[in-house]
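What follows is the residue order along each chain.
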Amino acid sequence: MTDMPLTVKRSIELLGLVLLVAILVVGNSIIMPVIMAFFISIVVLPVYRFLIRKKLPEAVAIILPILLLVVLIGLLVWFFSAQVGILVSDFPQIKNNVNIHLKSLSNWVSNISHISTREQLKFITEKSDDLIGMAGKAASGAAVTLSSVFVFVGLLPIYIYLMLFYKDILLRFIFMWFKPEHHPKVKDAIYETESIIKSYLVGLLIQVSYMTVLLGGILFLIGIKHALLIGVIFAILNLIPYVGALIGNIIGVLLTLTSSTELWPVITVLLVIAVVQFLDNNILMPRIVGSKVKINALFAILGVIIGGSIAGVSGMFLSLPVIAVLKVIFDRTVTFKQWGVLLGDERPEKSPMTFATFRKKKTTAVKAGTEK
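Here the structure is a predicted model, which means the values were calculated and not measured.

A. Looking closely at the overall build of the chain. A count of helices and strands for the chain gives 13 helices and zero strands. Taken from N to C terminus, the helices and strands of the chain fall in the order α-α-α-α-α-α-α-α-α-α-α-α-α. Per-residue burial over the chain gives 32% buried out of 372 residues. A sequence separation of at least 24 residues applies to 69% of the contacts in the chain between residues at least 6 apart. Carbon together with sulfur atoms contributes 73% to the accessible area of the chain, which is approximately 23700 Å² in total.

B. Region of interest: the packing of helix α2 (residues 28–53) against helix α12 (residues 297–331). Put simply, α2 and α12 touch, their axes get as near as 10 Å, and they point 50° apart. It follows that α2 is oblique to α12 by the angle criterion. Crossing angle aside, the handedness with which α2 passes α12 is left-handed. Every residue of α12 that contacts α2 at N28, M32, I35, M36 and F39 is listed here: I310, A311, S314, G315, L318, P321, V322 and V325. A class-by-class count of the residues in the contact of α2 with α12 yields 10 nonpolar, three polar and no charged.

C. Focus on a nonpolar patch on the surface. Among the surface-exposed residues, L14, L17, L20, V21, V25 and V26 lie close enough to one another that they form a single nonpolar patch of about 530 Å² accessible area. The residue V25 is located in helix α1 (residues 6–26) in this model. V25 gets classed as partly exposed once you look at its relative accessible area, which sits at 44%.

D. Region of the structure containing the side chain of S41. Structurally, the position occupied by S41 is in helix α2. Classification of S41 by relative accessible area gives buried; the value is 5%. Apart from residues lying up to four places away in sequence, S41 is in contact with I160, M163 and L164.

E. Region of the structure containing the nonpolar core. One finds I160, L201, L215 and L219 to be the most contacted residues of the largest nonpolar core, which totals 53 residues. If you list the elements that add at least two residues to this core, you get α2, α3 (58–89), α6 (142–165), α8 (183–222), α9 (227–237), α10 (243–259), α11 (264–289) and α12. Tallying contributions element by element places α2 first for this core, with 11 residues. The residues contacting L219, other than those within four sequence positions of it, are I224, A227, I230, V269 and V272.

F. Quick peek at the confidence of the model for the chain. For the chain, mean pLDDT is 75; residues scoring 70 or higher make up 72% of the total. Ignoring residues within four places in sequence, the model shows residues 138–145, a span with pLDDT below 50, making zero contacts including any to other chains. Considering only residues more than four positions removed or in separate chains, one finds that residues 366–370, a stretch of pLDDT under 50, has eight contacts.

G. Just the environment of E192, in detail. With respect to the helices and strands, the residue E192 is situated in helix α8. Residue E192 is classed as partly exposed on the basis of its relative accessible area, which comes to 30%. Setting aside its immediate chain neighbours within four residues, E192 contacts V328 and R332.

H. Quick look at the pattern of salt bridges. Applying the stated rule across the entire model yields three salt bridges. With a closest N to O distance of 3.0 Å, R49 and E194 form a salt bridge. Residue R49 is found in helix α2, and its partner E194 is found in helix α8; the two are separated by 145 residues along the sequence. Each member of the pair, R49 together with E194, is buried. Of the charged contacts in the structure, one is a salt bridge between K167 and D168, with a shortest N-O distance of 3.4 Å. Members of the salt-bridge network, linked through shared partners, are R49, E194 and K198.

I. Spotlight on the side chain of T212. With respect to the secondary-structure elements, T212 resides in helix α8. You can call T212 buried: its relative accessible area is 13%. Leave out the neighbours within four places in its chain, and T212 touches F79, G217, G231, V232 and A235.

J. Region of interest: the packing of α8 against α9. Where α8 contacts α9, the axes come no closer than 8 Å and their chain directions differ by 150°. The pairing of α8 with α9 is recorded here as roughly antiparallel in orientation. The chirality of how α8 crosses α9 is right-handed. For the pair α8 and α9, contact is made by V208, M211, T212, L215, G216, L219 and F220 and by A227, L228, I230, G231, V232, F234 and A235, respectively.

What counts and what doesn't
- Residues numbered from 1 in each chain as written.
- Predicted model: local features only at pLDDT ≥ 70, side-chain atom pairs only at ≥ 80, totals over all residues.
- Heavy atoms only, no water.
- Helix = DSSP H or I, 4+ residues; strand = E, 2+ residues; numbered from the N terminus.
- Buried < 20%, exposed > 50% of the residue type's maximum accessible area, 1.4 Å probe, protein only.
- Contact = heavy atoms within 4.5 Å.
- Areas by Shrake-Rupley, 256 points an atom, 1.4 Å probe, with all protein chains shown as cover.
- Axes fitted to C-alpha atoms, helices over the stretch in contact; angles between N-to-C directions.
- Parallel < 35°, antiparallel > 145°, perpendicular 65-115°, else oblique.
- Left-handed = near helix turned anticlockwise from the far one by under 90°.
- Nonpolar A, V, L, I, M, F, W, Y, C, P; charged D, E, K, R; others polar.
- Patch = residues over 30% accessible without salt bridge, like charges linked within 9 Å, V, L, I, M, F, W, Y side chains within 5 Å.
- Salt bridge = Lys/Arg side-chain N within 4 Å of Asp/Glu carboxyl O.
- Core = buried A, V, L, I, M, F, W, Y, C linked by side-chain atoms within 4.5 Å.
- pLDDT = per-residue confidence, 0-100.

Encoded structure:
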């Protein structure tokens, strides 16, 4: 490929990119559980190695981490369900608060415009009918969506077990793709990929924990209703880069509006979320993850949008670690090094238009990988 004309090489790269996206779109229901299982198996790999060193049978050393993961997910689902149950029990009060807010909004609209209350009521009724129709269509496909979720979750433990059990075969397969003289680079890329995935995903688990405790605890002490539910929803949505925080703010405001007839709780929730986000983005998360996932904001946002359009919520969650793994691979190849530069956040000190040295492909410094 190095002897091909530049236009041919770039055309092959773009065709390969299009083919990759097409495969993900067509086979996302098969590929996404495999990718998710791969990332989770990397996270539980240290526990597996620890149990192997303790002379436990390999099957037991694989099953125990999976069971621990299932217990943690079960506790999270139980906690979330309990909070939603509290919200449902307050539904009569929520309905009264919503009516009060709608009446206040109607009076405000009447004061600043010539739209009467009757016209507003007619508009709300029409939109409510449209919303009910949309909800009916969504409910008709809910069974299919729910069944796909159960298949997704049911396949994960099987994939994780098999990936850990056959990891040596998978590694040998990877090495056999490359010439022996390139094996040291491949080994370093594998170790760095493992390190990045572990630090990133473990960091996200820690982030969800302290965001829930910190945000929910502060709101609870202030006296905001459904504080823990707001905390856990925002903490989970915050895992989606950039977009999730915005959605979490909106849901937090809506939950607060439905539980109170005053505006000060809404302002309080927004201020507390802003403070917690500042601490998370500038102090806590950089120390936990160690700034190993260096992806620029432009492609992080594009990755979230593209991942969401391809595979829904799971694609949004997995977009950033997938891009990080691709950057590790691109940085270690001469042919695709420019793609690694495009995804990274390392800005040149000078403009490449005026300094030729910043237009060159530089060698990436690589540390020797070691098993941990």
